[in-house]
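In case you want the letters, here they are:
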Amino acid sequence: MNKVESIMKIAQNVDNSDKIILFSKSFKVVGTIVKESDMISKGILTLRNATVCNSLENFECSFSHHVYKWLNIFEDEIIAFSITNESFFESIEED
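The structure presented is a predicted model; accordingly, all values stated were derived computationally and were not measured.

This part takes up the overall build of the protein chain. On a plain count of helices and strands, the protein chain comes out with two helices and five strands. Beginning at the N terminus, the succession of helices and strands in the protein chain can be written as α-β-β-β-β-β-α. Buried positions account for 41% of the 95 residues belonging to the protein chain. Taking contacts inside the protein chain between residues at least 6 apart in sequence as the whole, the part at least 24 apart equals 59%. Of the accessible surface of the protein chain, which amounts to about 5700 Å², a share of 50% is contributed by carbon and sulfur atoms.

Take a look at the structure:
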């Protein structure tokens, strides 16, 4: 099982949530997991409405950030993640 398959399994066990906060060495992403992606077995996590923040310190991404309708992240880039609920996700989008 690759890292992305493990993330999908955890998301399914956390109230079947599809919201994620993901950390790499240089950026943070908040987005919606695309569960029906055929890239999962290849170790690629696909997100919709992904907000990428260059600052790991600013949790709300109110500094420099970019929003993507569709974003693929290779499993090698993922160093940490958290599956989150809808209310947390909405508070990020309001900023």
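Position of S24 among the secondary structure elements: in the loop between β1 (19-23) and β2 (28-33). Only 3.1 Å separates the side chain of S24 from the backbone nitrogen of S26, close enough to count as a polar contact.

Quick look at the environment of I79 now. Examined against the element boundaries, I79 turns out to sit in the loop between β4 (65-74) and β5 (80-84). Judged by its relative accessible area of 52%, I79 is exposed. In the structure, I79 is positioned 57 residues away from L22 in sequence and 7.9 Å away in space, judged by C-alpha atoms. In this view, I79 contacts F23, S24 and K25; residues no more than four positions away in its chain are not counted.

For the rest of this paragraph, the subject is the sheet that holds strand β3 (residues 44-53). Within a beta sheet, neighbouring strands are joined by backbone hydrogen bonds and run either parallel or antiparallel to one another. The strand order β4-β3-β2-β1-β5 describes an open sheet built from five strands, whose pairing is antiparallel. Here the strands that pair on one side only, and so sit at the sheet edges, are β4 and β5. Taking the axes of each pair of neighbouring strands and ignoring which way they run, one obtains an average angle of 30 degrees across the sheet. Bridge analysis of β1 against β2 gives five bridges, and the strand direction is antiparallel. Of the residues in β2, the one forming a bridge with F23 is K28. In the packing of helix α1 (residues 3-13) onto the sheet, the strands contacted are β1, β2, β3 and β5, and the crossing angle to β5 comes to about 25 degrees.

Position of V67 among the secondary structure elements: in strand β4. By relative accessible area, V67 is classed as exposed at 57%. Considering only alpha carbons, one finds V67 and V52, 15 residues apart in sequence, at a separation of 6.3 Å. Those residues within four positions of V67 in sequence are excluded, and the remaining contacts are A50 and T51.

Each value, and the rule that gives it
- Residues numbered from 1 in each chain as written.
- Predicted model: local features only at pLDDT ≥ 70, side-chain atom pairs only at ≥ 80, totals over all residues.
- Heavy atoms only, no water.
- Helix = DSSP H or I, 4+ residues; strand = E, 2+ residues; numbered from the N terminus.
- Buried < 20%, exposed > 50% of the residue type's maximum accessible area, 1.4 Å probe, protein only.
- Contact = heavy atoms within 4.5 Å.
- Areas by Shrake-Rupley, 256 points an atom, 1.4 Å probe, with all protein chains shown as cover.
- Polar contact = N/O pair within 3.5 Å; in protein donor to acceptor, adjacent residues only side chain to side chain.
- Pairing = 2+ DSSP bridges.
- Axes fitted to C-alpha atoms, helices over the stretch in contact; angles between N-to-C directions.

Read these as spatial facts, not as claims about activity.
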